[in-house]
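Each chain, written out:
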Amino acid sequence: SPQLRWLDETLGRTGRRWTIVYFHYPVYSSIRTAPASLPVRLAEMKKHVEPVLLGHRVDLVLNGHTHSYQRSRPVARGQVDEKTGIVYVVTGGGGKSADRIVPAPEPWNAFTREGYHFVLATVDGDSHTVEAIFLDGARDKFTIYKRPAP
């Protein structure tokens, strides 16, 4: 599709140290109580978008759509992969009321929580720290370290 070609070409031209991509629908979602259309969207994203992201060694993907917070372990093609996987964060914690969620027992699911929140990201050389902060003070904090080029 023209949009996938654009994504592939744009990621291929970036000369930045870190590659962080944001788009609406998630590639991975660790909740079961989702709109009926979400499983179809997830399958489409995994089939068409994930190979482009993996091919360009994207470091982090931020998504919305689901009004909750979800973080994956590094994942590639549905499997935890610490070497080549991407961390996916769904951060839909503002605006609309939070979705009621039931976490799915996926091996790549690192953290899932309901509630309003915001995400703070800090890049410092070879490390990128991301912290979700919830209204009640709860937090999820993780650090990604830049992988060496192949």
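For the structure, see preceding data.
What you are looking at is a predicted structure, and each value in this text was computed from that prediction instead of being measured.

## Thoughts on the overall build of the chain
In terms of helices and strands, the chain carries 2 helices and 10 strands. Traced from its N-terminal end to its C-terminal end, the chain shows the element sequence α-β-α-β-β-β-β-β-β-β-β-β. Restricting the contact set of the chain to residue pairs at least 6 apart, pairs at least 24 apart contribute 62%. Per element, the accessible surface of the chain, about 8,400 Å² overall, is 55% carbon and sulfur.

## Some remarks on the sheet that holds strand β1 (residues 20-23)
Within the open sheet, the 5 strands sit side by side as β1-β2-β6-β3-β7. Their pairing is mixed. For this open sheet the edge positions go to β1 and β7 (109-113), each flanked by a neighbour on one side alone. Each neighbouring strand pair of the sheet contributes to a mean axis angle of 10°, computed without reference to strand direction. Alignment of strand β2 (residues 60-63) against strand β6 (residues 87-91), held across 4 bridges, turns out to be parallel. Bridge pairing links N63 to V90 in β6.

## Focus: the packing of aromatic side chains
Per the stated rule, a full pass over the model turns up 4 aromatic pairs. Summarising the aromatic geometry, the rings of Y28 and Y88 are spaced 5.1 Å apart at their centres and angled 55° between planes, so their arrangement reads as tilted. Of this pair, Y28 sits in the loop between β1 and α2 (38-55) while Y88 sits in strand β6; the two residues are 60 residues apart in sequence, bridging distant segments of the chain. Side by side, Y28 and Y88 carry an identical accessibility label, which is buried. Judged by centre distance (5.0 Å) and plane angle (65°), the rings of Y28 and W108 are edge-to-face.

## Here's the deal with the nonpolar core
Ranked by size, the top nonpolar core spans 18 residues in total, and within it F23, L53, V61 and Y88 carry the most contacts. Only α1 (2-13), β1, α2 and β4 (75-76) provide two or more residues apiece to this core. Apart from residues no more than four positions distant in its own chain, Y88 is found in contact with V27, Y28, E50, L53, V61, N63, Q70, R71, S72 and V75. Counting 10 residues, the second largest nonpolar core, distinct from the first, contains W18, Y69, V130 and F134.

## Brief notes about the sheet that holds strand β9 (residues 127-134)
What the 3 strands build is an open sheet, ordered β8-β9-β10; its pairing is antiparallel. Strands at the two margins of the open sheet, each flanked by one partner only, are β8 (117-124) and β10 (139-145). Averaged over all adjacent pairs, the angle separating strand axes in this sheet is 15°, with direction ignored. Alignment of β8 against β9, held across 8 bridges, turns out to be antiparallel. When the bridges of β9 are listed, A121 appears paired with V130.

## Considerations on the pattern of salt bridges
Evaluation of the coordinates by the stated rule reveals 5 salt bridges. R71 is paired through a salt bridge with D140; the nearest N and O atoms lie 2.7 Å apart. In this pair, R71 sits in strand β3 (residues 69-72) while D140 sits in strand β10, placing the two residues 69 residues apart along the sequence. With respect to class, R71 is no different from D140; both count as buried. The shortest N-O distance in the salt bridge between D136 and R113 comes to 2.6 Å. You can see D136 sitting in the loop between β9 and β10 and its partner R113 sitting in strand β7, a full 23 residues away along the chain.

Cut-offs used in this document
Residues numbered from 1 in each chain as written. Predicted model: local features only at pLDDT ≥ 70, side-chain atom pairs only at ≥ 80, totals over all residues. Heavy atoms only, no water. Helix = DSSP H or I, 4+ residues; strand = E, 2+ residues; numbered from the N terminus. Contact = heavy atoms within 4.5 Å. Areas by Shrake-Rupley, 256 points an atom, 1.4 Å probe, with all protein chains shown as cover. Pairing = 2+ DSSP bridges. Axes fitted to C-alpha atoms, helices over the stretch in contact; angles between N-to-C directions. Phe/Tyr/Trp six-rings, centres within 6.5 Å; stacked < 30°, edge-to-face > 60°. Buried < 20%, exposed > 50% of the residue type's maximum accessible area, 1.4 Å probe, protein only. Core = buried A, V, L, I, M, F, W, Y, C linked by side-chain atoms within 4.5 Å. Salt bridge = Lys/Arg side-chain N within 4 Å of Asp/Glu carboxyl O.

Purely geometric stuff here, so don't read any function into it on its own.
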